[in-house]
Amino acid sequence: MFPFNRPRRLRNSKNIRKLVRETNVHADQLVMPYFVQAGKNRKEKIDSMPGQFRFSPDALLKELEALAKSGVKSILLFGIPEKKDLKASGAFSDRGIVQMAVCAIKKEFPELTVITDVCLCAYMSHGHCGVLSERGNIDNDASLKILSQVALSHAEAGSDIIAPSDMMDGRVRAIRESLEQNYFENLPIMSYSVKYASAFYGPFRDAAHSSPQTGKKIPKDRKTYQMDPANLREAMREMKQDLKEGADILMVKPALAYLDVIREARNRFDAPLAAYLVSGEYSMIKAAAQKGWLDEKQAILEVTTSVVRAGADIVISYSAKDLADWLKSC
Ligand code: PBG
């Protein structure tokens, strides 16, 4: 009788489309990353990431007022230290840039969820995420000691969630142990469980001055600790291991080139799942939009929706604030 079904019936109006929409992005699930550096009243443009800045702590507080209005409730902090060395001293000092910023933020915005990235690359003169051994390798177990010190110093400063991004083996366990021993047993760990050795971190490294240096006995990339982009089953092993070690939230990073990994993780694990739309994924859209080649708002909403549709509960994105503002009028 009827020759075919007509899916277009449910596309007739904006409100019908909303009625049958399967995936909705909301501000509560978005995390806005910020770069913080020493100084007063500094808000420096990041060339490789149009629309993003390096803030001094006081300037960041001003920015957070606007963020609060957007409805975004969580931020992820990255520190840019004044000095780097071979021990990453700036990463665990109680006067370190992240520690100071967290204190100031929690005082002004007690309700804001402040997540702190735990890594050494921005604090090491060689730019690697761990300790460099004399033979020129990244020394896993020596790195664990520093990483757990960094995590503890963040906890003491008032961080709400600890997010290790270094990719050393056993770091979740080392951090969990140190938190337990120091009365921070209730502090969640969001582990960058599945972090691929990706070209899409390029703009971030420019922003944080954290590219690995070149030289004799310095590995030229992060491929001995970050994952091979070709591997999905290995990603599942990393996640399983992190849950065993005491992670509360799992993460896949980058997001866009790894939607299949997000989906597989969602199917296998019950834990909350985060996905990170990284700097290169952000700047790619920005660059095309600046040339007038695509509609920025539509592209950002589309990309973020795809990450949620793939199974992420939490999306870390440099577009979080803008997107939350746009969502109000969608
Ligand atoms: C630190 C770290 C990086 C990112 C988050 N934490 C850079 C890297 O591993 O080189 C990348 C985030 C982004 O590109 O937006 N290890």
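For clarity, every value in this text was computed on a predicted model and none was experimentally measured. (Residues numbered from 1 in each chain as written. Predicted model: local features only at pLDDT ≥ 70, side-chain atom pairs only at ≥ 80, totals over all residues. Heavy atoms only, no water.)

A word on the overall build of the protein
So, point 1. Across its full length, the protein holds 12 helices and 12 strands.
So, point 2. Here the protein has a C-alpha radius of gyration of 20 Å; the compact-globule value for 330 residues is 20 Å, and the two agree.
So, point 3. Counting only C-alpha atoms and orienting by the principal axes, one finds that the protein spans roughly 80 × 45 × 40 Å.
So, point 4. A fraction of 73% describes how many contacts in the protein between residues 6 or more apart in sequence connect residues 24 or more apart.
So, point 5. Total accessible area computed for the protein in this model is approximately 16,400 Å², and 50% of it derives from carbon and sulfur atoms.
So, point 6. Distance between charge centroids for the protein: 6 Å, based on 48 positive and 41 negative side chains. (Helix = DSSP H or I, 4+ residues; strand = E, 2+ residues; numbered from the N terminus. Rg over C-alpha atoms; globule rule 2.2 N^0.38 Å. Contact = heavy atoms within 4.5 Å. Areas by Shrake-Rupley, 256 points an atom, 1.4 Å probe, with all protein chains shown as cover. Lys, Arg positive; Asp, Glu negative; His and termini not counted. Charge placed at Lys NZ, Arg CZ, Asp CG, Glu CD.)

Focus: the site of the ligand
So, point 1. Lining the immediate surroundings of the ligand are 18 residues, of which Lys195, Arg205, Lys253, Ser279 and Tyr318 lie closest.
So, point 2. Within the side chain of Lys253, an N or O atom sits 3.3 Å from a nitrogen atom of the ligand.
So, point 3. Look at the ligand: alone it shows 400 Å² of surface, and the protein chains cover 100% of it.
So, point 4. Partitioned by chemical class, the residues of the shell around the ligand number 10 nonpolar, 3 polar and 5 charged. (Near = heavy atom within 4 Å. Polar contact = N/O pair within 3.5 Å; in protein donor to acceptor, adjacent residues only side chain to side chain. Nonpolar A, V, L, I, M, F, W, Y, C, P; charged D, E, K, R; others polar.)

Some thoughts on the pairing of strand β12 (residues 314–317)
So, point 1. Alternating positions in β12 separate into two faces, Ile314 and Ile316 on one and Val315 and Ser317 on the other, with burial throughout.
So, point 2. Where strand β1 (residues 30–37) meets β12, 2 bridges bridge the pair, whose relative direction is parallel. For Leu30, the partnering residue across the bridge sits in β12 and is Val315.
So, point 3. Bridge count for strand β11 (residues 273–277) against β12 is 4 bridges, and the pairing is parallel. From the neighbouring strand, Ala274 faces β12, where its bridge partner is Ile314. (Buried < 20%, exposed > 50% of the residue type's maximum accessible area, 1.4 Å probe, protein only. Pairing = 2+ DSSP bridges.)

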